[in-house]
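The primary structure of each chain is shown beneath.
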Amino acid sequence: MAAQETEATQQLSVSNGEVSSNGAAPSGQDAQTVATAQDPQQQQQQPQPNAWQVIKGVLFRIFIIWAISSWFRRGPSTPDPNTPAGAPRLPSRNLFPKDTLMDLYVYISENEIFTDFNNTEALFWYQQDLVYGDWSTGDLGDGCYEHYQELDISESLKQNGSIYIHIYFTKSGFHPDPKRKGQYRRLSTVHTTRMLNKYKRRKFLKTKNLLTGETEADPEMIKRAESHGPVEIISHWHPNLTINMVDDHTAWVKGSVPPPLDQHVKFDAVSGDYYPIVYFNDYWNLQKDYYPINETLENLPLRLSYCPLSLWRWQLYAAQSARSPWNFLGEETYEQSDEDQDSVKVALLETNPYLLGLTIVVSIVHSIFEFLAFKNDIQFWNSRQSLEGLSVRSIIFGVFQSLVVLLYILDNETNFVVQVSVFIGLLIDFWKITKVMDVRLDRENRIAGIVPRLSFKDKSTYVQSSTKIYDDMAFKYLSWLLYPLFGCYAVYSLLYVEHKGWYSWVLSMLYGFLLTFGFITMTPQLFINYKMKSVAHLPWRMLTYKALNTFIDDLFAFVIKMPMMYRIGCLRDDVVFFIYLYQRWIYRVDPNRVNEFGTSGVDPSKDSSAQPGAAETTAAETTAAITDKSEGEKKND
C-alpha cells in the first residue's frame, strides 16, 4: 500500500473522475481498438482491488436489495387525500402485454432531443418482430440480438462534444415518428435516451524533486495542466452497451414504487398504466476499458446488444447502480471512486463463486468481531481505574499516528467515507488520553495571555508503579532503532520521491514510515509484560477480537490481489499477537493478585475457613463480649 501511494506521488499523476457502472466488457476487436486508442502517457495504472472495499461494497448493496424487498412486502397502498373520499390509488398494468410483437428503432445523434426520423444516417439499428418476454429466440437462443457498427466522429465530438442514443420500442406496425399520424400511437411507443460518451475528471498533480526542482512528468502533460488548470473534463468512450427490456408485469402503484426502482418505472399521465421498463445496462464496463475521445481517433466502435431481463436481476443492477448516500455533500468530492466500484466487479468476475460466498460470510463475521473489539475497547478504558502494566506512551504515540494518517488522506483527497472513519478513530484516541492522563485547563499560564493552556499530567497509578520506569526504558531502547530508521527513510524520500511541496513531503514521509515500521511501537507493551512477568492487566477480550480480525485479513490478503506491503503488514501483526499469546502462556494468571477493581480470584469463604483457629478465637471473643452486656444493651443490639 505504501509502495503504491509513493509511486502515485512520484510523477504528474492523472486521476479520472466518476464512471457509472453496469454492462459487458469488450472482447476481440473491441478490446484491440481500446488498447490502440489509449494514449500511453494518459493511461493510468489500474489499482489493485482492496479487499474491504470489495466486501463492504457488496454488503452495502445486499442491504439495498433487502430494503427493496421489504418495500415489496409492505401492506396495501395508503389512501390519496387528493382523490374523492380518500380512495386508494388503483394498481396499474403494463401497456405491453406478454408476448407483444415489437419493433426496435435505435438512432444515434448529437442532439439530446431527437426529431430527425427521416435521416437514414441517424438510424443505427432497426430490428423487427421482437417478442416481449421471449427468452428462446436470437442467435444463441437466449432472446438476445446484437449489432455492431463504427460511428464517424465529428469535429464537435472531438472537442468534448456529446453524443446520444435514442431507443424506441413500438408495437408491430407502428412508427416512433409523431408526425406520421396513421402510424404513430402514444401508448404503443416506448422511448428512452441516454448519453453514450462519459465525462470524466482528470486531475493534474504537479510534483517535483524538492532538492533539484526536476520532475519525471511528461512536458506535454505539464503544458496541459498549465492551460486547462488542475482539473480537466474529458469525454470518454466505451464500445459496449446492452439494452435490457425488463420482463415485468407487476401491478405497480403510482407514487408507491420504492427507490431506486422508481427512477425507471414511467407511468402514462392519462391512462395511469406504466410503460415497459427499458434499462441501459453497462454494469460490466470497467474503468480501464474507457478511453478518451480525441483527435487521434478516426471512428468510434459500438457493439449494441438487446436482451430481456428478469425482474430480480434488474433489482440487483438497480441496487448496484444506486447513488452513494453521501451525495448530499457534493458529487465531486464525496462519491465513491471508480476504483471502489471496479473492485467489486473484478471480484465478481475473477473470484470463484464458492470462495466469494465464503468471503462474504467471513466478512460478516469480521464485521461482528470488529464491533465487539470496538465495544470492549471502550468498556475497558472507561472502567479502568489503575494504569499499572499498561504503556501510556504507546497510547500517546497512537494519537500521533492517527493524526498523521488523517492529515495525509486529507492532503491526498481520499474518499470522504474514509476521512470520516479515520476522524472518528482519532476522536476515540483523544478520549483515551483523558483516561490515561489528567487533562485540565491551566487558566493561570495562558497562551498570549488569552487562551488557556492544556495541562497534561500522568496519573498517580501510573507514576507510583514500576510501569512508568519500564515504559520509559522500553521507549529508550526503541528510540535507538526508530530514530536511525526514521532518518534514513526521510533522506530516501527527499532524494528519490517527488512531492507537491514540503508539507506533502513531511506527511508522506511520516505516513510511509509509520506504515512500514509502525508495528515496532507495539513492542513496549511486550517489554512491560516481560518486566512485570504478568499479562493480567491487558484487555484480552479486545485483543482476541482484533487478532481474529487480523487472521481474516490474512485470508483476504492472500485470496484477493493485494499490495505486498499490505500482506506483510498483516503478517507482522500476527507475529506480535503470537508473542502476546506466548507471554500469556509463560506468565500464568495468579489468582491471589488483586486486579484494578480490588478483587481477586480467591473465594473469601474458603480463605476464612483456611484459618479456623483465628475464626474460633474471634467467635469466642465476640460471644464473651455479647454475654458481658446487660439486658438493655442486648435489646439495643
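The structure presented is a predicted model; accordingly, all values stated were derived computationally and were not measured.

By the definition in use, this model includes 19 aromatic pairs. Centroid distance Tyr 105 to Tyr 126: 4.7 Å. Interplanar angle 35 degrees. Geometry classified as tilted. Here Tyr 105, found in strand E2 (residues 101–109), pairs with Tyr 126, found in strand E3 (residues 123–131); they are 21 residues apart in sequence, far enough to count as distant. Overall, Tyr 105 belongs to the buried group, its relative accessible area being 8%.

A separate point is the nonpolar core. Grouped together as the largest cluster of nonpolar side chains are 45 residues, with contacts concentrated most on Trp 381, Leu 387, Val 436 and Leu 538. Counting residues per element, the ones that place at least two in this core are helix H9 (353–383), helix H10 (392–411), helix H11 (416–436), helix H13 (467–496), helix H14 (502–517), helix H16 (540–559) and helix H17 (564–586). At 8 residues, H10 tops the list of elements feeding residues into this core. Dropping the residues within four chain positions of it, Val 436 is found in contact with Trp 381, Leu 387, Val 392, Ile 395 and Lys 459. Counting residues in each nonpolar core, the second largest holds 34 residues, with Leu 241, Met 245, Leu 297 and Leu 304 among its members.

What the rule picks out here adds up to 7 salt bridges. A salt bridge links Lys 98 to Asp 247; its shortest N-O distance comes to 2.8 Å. Within this pair, whereas Lys 98 is found in the loop between helix H3 (51–72) and E2, its partner Asp 247 is found in strand E9 (residues 240–247), the two being separated by 149 residues in sequence. Residue classification places Lys 98 among the partly exposed positions, given a relative accessible area of 42%.

Another aspect to go through is the sheet that holds strand E5 (residues 164–171). Read from one edge of the open sheet, 4 strands run E3-E2-E5-E6, paired in antiparallel fashion. Looking at which strands have only one partner, the edges of the open sheet turn out to be E3 and strand E6 (189–195). On average, adjacent strands in this sheet sit at an angle of 15 degrees to one another, irrespective of strand direction. Where E5 meets E6, 7 bridges bridge the pair, whose relative direction is antiparallel.

On the secondary structure map, Arg 180 appears in the loop between E5 and E6. With a relative accessible area of 30%, Arg 180 lands in the partly exposed category. Residues in contact with Arg 180, not counting those within four places in the same chain, are Asn 118 and His 175.

What follows concerns the side chain of Thr 189. By the secondary structure assignment, Thr 189 is in strand E6. Take Thr 189: its relative accessible area is 8%, and that puts it in the buried class. Polar contacts involving the side chain of Thr 189 include one to the main-chain carbonyl oxygen of Arg 185, which spans 3.0 Å. Every residue in contact with Thr 189, bar those within four places of it in the chain, is listed here: Phe 96, Tyr 168, Phe 169, Thr 170, His 175, Pro 176, Tyr 184 and Tyr 275.

This paragraph deals with empty space enclosed by the protein. Scanning all chains against the criterion turns up 3 cavities of 30 Å³ or more. Approximately 100 Å³ is the volume attributed to the largest cavity. Forming the boundary of the largest cavity are 13 residues, of which Arg 194, Leu 196, His 238, Asn 240 and Asn 285 lie nearest the centre. Elements that contribute at least two residues to the lining of the largest cavity include exactly E6 and E9.

Conventions used here
- Residues numbered from 1 in each chain as written.
- Predicted model: local features only at pLDDT ≥ 70, side-chain atom pairs only at ≥ 80, totals over all residues.
- Heavy atoms only, no water.
- Phe/Tyr/Trp six-rings, centres within 6.5 Å; stacked < 30°, edge-to-face > 60°.
- Helix = DSSP H or I, 4+ residues; strand = E, 2+ residues; numbered from the N terminus.
- Buried < 20%, exposed > 50% of the residue type's maximum accessible area, 1.4 Å probe, protein only.
- Core = buried A, V, L, I, M, F, W, Y, C linked by side-chain atoms within 4.5 Å.
- Contact = heavy atoms within 4.5 Å.
- Salt bridge = Lys/Arg side-chain N within 4 Å of Asp/Glu carboxyl O.
- Pairing = 2+ DSSP bridges.
- Axes fitted to C-alpha atoms, helices over the stretch in contact; angles between N-to-C directions.
- Polar contact = N/O pair within 3.5 Å; in protein donor to acceptor, adjacent residues only side chain to side chain.
- 1 Å grid on protein atoms, 1.4 Å probe; cavity = no way out; pocket = protein on both sides within 12 Å on 5 of 7 lines; lining within 4 Å.
- Points joined across faces, edges and corners; volume = space filled by probe spheres on them.

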